[in-house]
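One-letter residues, chain by chain:
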Amino acid sequence: MARNSHLPTLIRGATATVAVGVIAGVTAVLAPAASATVTSIGIAPSVTLGAHRYGTTCTYDVSVTVDDNTKRVYFFEEGQGPSGFADAMPVDGVAKTTWTPSKPGITYIYAVQPDAWPETRQVVDVGTGIDLGSACVAL
């Protein structure tokens, strides 16, 4: 009767595979819960006339939805960094602020909660604005 010399190697390989699977399963169960996350960002529509959707001297309402009401939300434009233009505590899963665009051009508005990644962003097309009070002209 011939003896299979590869049997001990196969058993060691199978044992290692099972051990890795068990460790991965335990790690997944013991992993900490996901950090706070901004799940959406929106800019309330306003009456803006002209070639762009937003104007530099005009003010817009920004709101975000979050999955953690205990952490402040920080809002900033592209290039501003996390100190940004505003911060707000969420209430019932929503944080709100106002935004006046700082410069014309296509850019992003970001919203982030501490220890969260990635931040959520919204593309914005900003023109030079003329605030008429009840409307904005964005040239």
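Residues numbered from 1 in each chain as written. Predicted model: local features only at pLDDT ≥ 70, side-chain atom pairs only at ≥ 80, totals over all residues. Heavy atoms only, no water.

**Considering the packing of aromatic side chains**
Here the structure, examined in full by the defined rule, presents six aromatic pairs. Seen from their ring centres, Y60 and W99 are 5.8 Å apart, and the 45 degrees between their planes marks the pair as tilted. On the criterion of sequence distance, the pair formed by Y60 in strand β4 (residues 60-66) and W99 in strand β7 (residues 94-99) is long-range, its members being 39 residues apart. Classification of Y60 by relative accessible area gives buried; the value is 2%. Consider the rings of F76 and Y110, whose centres lie 5.1 Å apart with planes at 10 degrees: the pair is stacked. Highlighted residues: F76 in strand β5 (residues 73-77) and Y110 in strand β8 (residues 105-112), separated in sequence by 34 residues. These aromatic residues form a ring-pair network of at least three members: Y54, Y60 and W99. Of note, R121 hangs over the ring of Y108, and the distance from its end group to the ring centre comes to 3.9 Å. (Phe/Tyr/Trp six-rings, centres within 6.5 Å; stacked < 30°, edge-to-face > 60°. Helix = DSSP H or I, 4+ residues; strand = E, 2+ residues; numbered from the N terminus. Buried < 20%, exposed > 50% of the residue type's maximum accessible area, 1.4 Å probe, protein only. Lys NZ or Arg CZ within 6 Å of the ring centre and 35° of its normal.)

**Points about the state of the cysteines**
Scanning all chains against the criterion turns up one disulfide. The disulfide partner of C58 is C136, and the gap between their sulfur atoms is 1.9 Å. Because the sign of the S-S torsion sets the handedness, a value of about 85 degrees for the bond joining C58 and C136 places this disulfide among the right-handed ones. Of this pair, C58 sits in the loop between β3 (54-55) and β4 while C136 sits in strand β11 (residues 136-138), and the two are 78 residues apart along the sequence. Here the two residues C58 and C136 agree in accessibility, since each one is buried. (Disulfide = S-S within 2.5 Å.)

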